[in-house]
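Coordinate analysis (summary)
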Amino acid sequence: MKLTLRVWRQQNAEAPGAMATYEVDGISRDMSFLEMLDTLNEELILAGDEPVAFDHDCREGICGACSLVINGDAHGPERTTTCQLHMRSFQDGDTIDVEPWRASAFPVVKDLVVDRSAFDRIIQSGGYISAPTGTAPDAHATPVPKPDADFAFEHAECIGCGACVAACPNGSAMLFTSAKVNHLNVLPQGTPERETRVLDMVATMDDEGFGGCTLTGECATACPKGIPLPSIAAMNKEWLRATRKVRR
Amino acid sequence: MSDYTQYTTGEPVTDTKAPHGPVADRWDTRRFEARLVNPANRRKHTVIVVGTGLAGGSAGATLAEQGYHVVQFCFQDSPRRAHSVAAQGGINAAKNYRNDGDSVHRLFYDTVKGGDFRARESNVHRLAEISVEIIDQCVAQGVPFAREYGGLLDNRSFGGVQVSRTFYARGQTGQQLLLGAYQALSRQIAAGNVELHARTEMLDLVVVDGKARGIVARDLVTGKIETHFADAVVLASGGYGNVFYLSTNAMNSNATAIWRAHRRGAYFANPCFTQIHPTCIPRTGEHQSKLTLMSESLRNDGRIWVPKAKGDDRPAAEIPEDERDYYLERIYPSFGNLVPRDIASRAAKNVCDEGRGVGPGGQGVYLDFAEAIGRMGRAKVEEKYGNLFDMYAQITAEDPYETPMRIYPAVHYTMGGLWVDYDLQTTVPGLFAIGEANFSDHGANRLGASALMQGLADGYFVLPSTINDYLARNPHTDEIDADHPAVAEAVAETEDRLSLLLAVDGDRTPDSFHREIGELMWEYCGMARTEKGLRTALERIPVIREEFWRRIKVPGTGEQFNQSLEKANRVVDYLELAELMCLDALHRAESCGGHFREESQTPDGEAARRDEEFSYAAAWEFTATGDAPVLHQEDLVFEYVHPTQRSYA
């Protein structure tokens, strides 16, 4: 396959960026999208140019590092991570636009690399169960009904890639935040911190500059792990419940 | 023949910290004998932890909970992305919730045997004891393990064992355990007890007056070379499988932290013990950048086969039952498809070498679920393995519910690593190594679902107990001065290395060298090794290294985000580590576990150990780049599990 790539190039956070055009040839349909970019980068290095910077690591769809907007879609045309997108999803001769996540809470570091540390700070504000090492009772001391365990798991699958934010016209992090709130709040172990967790995480989310939710639903459509849109409604319910109940 | 192979043998190395007495009492004894640090004094101590995977994340969180000041590093943008996240199948624990005859002693026995009698009994028994506490800890953190309808935890079986002791969270067990550790760590970051440096990579160890006192690191965003000081340094930087270029490791996993520590005096043990995982998706072409593992748990219900006839290129569905060879079930009737990884991998290589492999290039075998779907129904198979099947379909564009999966072995895990004593301390006082970065628990072959167990055992329970003893004996003294000669030397060396990489301006990319050394290692130091092949590799490596420093091309500067520079610097260390791996493989003229020397096999082609000569851990001491290292042997004593030739037939 022969392709034309239009790639966002930006030297650092302060510098202005622009789209640059590259031609790549000899691309196999079995290549992943990132292996196609590897091919481009090998050519750029040999030509003495700086390769395109992009975040990637596990390349098996679980670490959440890769983060490209491809032809306007977070992670591209398939519902998967960029690393699991294969070139068989494109046609010979295509022109493909490649951009970083676009959100004010995710400033660009370089080229296609953005700073997603705001997600870490949301987790730090309450996305955990306080269980210092050594304090745990036997694992079978508290049975968890299977539907609750499955609900927790379904939300715990979030890989923190940020596609939900990139896809949202408001740059909202509601899907990400709700996934963690719902994972922990449904479990008996998460109950003691149920109210403070949702209140603190939502407050941090707002402080970090993420936008509000207008139920556009783009987030759940872009999510490579299928975190469902009702996750947001469930968090809103938790938040409302907490505001009425919490003793501060 | 290069001088490198003329290694000398130094003083034997002994594990001075493991107590004597009954194996079941040793961990209690050690914890009692270890000195403690007064809670009020702990905050005066700073501990550096490099890495935020299962071992590093759990250690950082636990040390901070105890009151130490922790300074933690990861090269990823977030601690949640460490490669432990990709572990799929599960974590072992001797809970005996299935009442199927499991016990701490059986897990201990299985692990020593599975490791082909090249691990320490004391360490393995401790691991088995702690396994049960890990599950309790993770459940308390909210890790969503698979449960049954009664609300209790579910278990599955794994290769090399005959009990069901593996706890799992669908095919994402590593992710869920890592998020548990990450969340515990996040809580400590918020509390101000952990100072986290993300996108920061350790490039050297600072040793002052014979003790590990800090690290040299590069801020990957600004390119700034920084020094960080502490009272002890913990390396939790993972394994070195990426020396093979193609492996199931993450693209950025690397050996730099442990290799630089080795160069500063930490012995490197059993580097040739690498694990080739039997169930990975075969490669599709030259462009392949990494390999993807399919969890070994698939072998619970999938049946592995190849055509009986050579060169049979009919589609799987057209090959009748009596023309298929379910070779694992045929050769190993009692363990069948659940033999340990090394045995399954080698069997796959053998049938492919015979010309009976399937798929492009004949480098694959079938993993067939037709029988399981017929027995349990598609819905049940989907519930158990759905995400793995989806992943396979995504990568190969084939539907594994309809046609059998194709699998082939790939480098997956490294049992070798920095030599550590029972306290997990290396030969550099104050430098500890935990998780895959050390060598201690898996011998010559790791059993499935044991890496997660070891990483969390080390991080949550072992290190936080043993590091106290070191810190109590080495009270906090004066701050290290950045002008100290040892510090200045480490910084200057690092800066010079990076400057040179940028200055060569040759005509080959870092990736091209990485690929070259990787292919060499896979060819000569992969699934089957020979003296001739290893000597060939040992002659080639210095040549490649010389060429690297003549022809490497790294664009850009050091004072910026520069992924080519990061990569090139990691390749520098692979080019040295590869040499030590080959030498270790050459010197160990026996087959054991993942190390298969063709010269040492039984008449029916199984690995033949030579206990009289090689029942020891090989700990190598660095001398200089390209110069022969010094071998220190640690004799292995088996008081409880008598070494026998492994049999899974």
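What counts, and where the lines are drawn
- Residues numbered from 1 in each chain as written.
- Chains lettered and ligands numbered in written order.
- Predicted model: local features only at pLDDT ≥ 70, side-chain atom pairs only at ≥ 80, totals over all residues.
- UniProt positions renumbered as here; feature names shortened; annotations may be inferred.
- Helix = DSSP H or I, 4+ residues; strand = E, 2+ residues; numbered from the N terminus.
- Buried ≥ 20, exposed ≤ 12 C-beta atoms within 10 Å, placed from the backbone.
- Contact = placed C-beta atoms within 7 Å.
- Pairing = 2+ DSSP bridges.
- Axes fitted to C-alpha atoms, helices over the stretch in contact; angles between N-to-C directions.
- Expected span 1.5 Å × (residues − 1).
- Nonpolar A, V, L, I, M, F, W, Y, C, P; charged D, E, K, R; others polar.
- Domains from an automatic or database assignment.

Chain A goes by Succinate dehydrogenase/fumarate reductase iron-sulfur subunit in an unreviewed UniProt entry, where it is assigned to Streptomyces halstedii. Database annotation for chain A, UniProt heading Sequence similarities (unreviewed entry): "Belongs to the succinate dehydrogenase/fumarate reductase iron-sulfur protein family."

1. Examining the overall build of chain A
From N to C terminus, chain A includes 8 helices and 7 strands. Taken over the C-alpha atoms alone, chain A extends approximately 60 × 35 × 35 Å along its principal axes. A total of 248 residues make up chain A; the buried ones form 51% of that total. Look at the contacts in chain A between residues 6 or more apart in sequence, and 70% of them connect residues 24 or more apart.

2. Observations concerning the sheet that holds strand E3 (residues 69-73) of chain B
All names here are of chain B. In spatial order, the strands read E6-E3-E2-E10-E18; together these 5 strands make up an open sheet with parallel pairing. Strands at the two margins of the open sheet, each flanked by one partner only, are strand E6 (194-197) and strand E18 (431-433). For this sheet, the mean angle separating the axes of adjacent strands, direction not counted, is 20 degrees. Against the sheet, helix H7 (residues 256-263) engages strand E2 (46-50), strand E10 (232-235) and E18, with an angle of about 130 degrees to E10.

3. Quick notes on helix H1 (residues 33-46) of chain A
Relative to the 20 Å expected for 14 residues at 1.5 Å per residue, H1(A) spans 21 Å between its end C-alpha atoms, a close match to the ideal helical length. Elements that come into contact with the buried residues of H1(A) comprise strand E2 (18-24) of chain A together with helix H16 (563-587) of chain B.

4. Remarks on the interface of chain A and chain B
With 67 residues of chain A at the contact, the number on the chain B side is 62 residues. The biggest single contributor to the side of chain A that touches chain B is H1(A), with 6 residues. A breakdown of the residues in the side of chain A that touches chain B according to their chemical character gives 29 nonpolar, 21 polar and 17 charged.

5. A look at the domain arrangement of chain B
Residue and element names in this part refer to chain B. Examined at the domain level, chain B breaks down into domain 1 (277-412) and domain 2 (485-615). For domain 1 and domain 2, the distance between their C-alpha centroids amounts to 30 Å. In terms of residues, the side of domain 1 that touches domain 2 owes the most to one element, helix H9 (residues 341-353), which gives 4 residues. Of the residues belonging to the side of domain 1 that touches domain 2, the class tally is 1 nonpolar, 1 polar and 3 charged.

6. Section: the sheet that holds strand E8 (residues 211-219) of chain B
Residues and elements named next belong to chain B. In space, the 3 strands of this open sheet follow the order E7-E8-E9, with antiparallel pairing throughout. Here the strands that pair on one side only, and so sit at the sheet edges, are strand E7 (200-208) and strand E9 (225-229). Ignoring strand direction, the axes of neighbouring strands in this sheet form an average angle of 30 degrees. Of the pairings in the sheet, the one linking E7 to E8 comprises 8 bridges and is antiparallel in character. Bridge assignment links Thr-200 to a residue of E8, and that residue is Asp-219. Along the sheet, helix H13 (residues 485-504) makes contact with E7, E8 and E9, crossing E7 at roughly 145 degrees.

7. Some remarks on the domain arrangement of chain A
Residue and element names in this part refer to chain A. When its domains are assigned, chain A resolves into domain 1 (3-110) and domain 2 (117-245). Using only C-alpha atoms to locate each centre, domain 1 and domain 2 end up separated by 29 Å. Listed as interface residues are 18 residues of domain 1 and, on the opposing side, 15 residues of domain 2.

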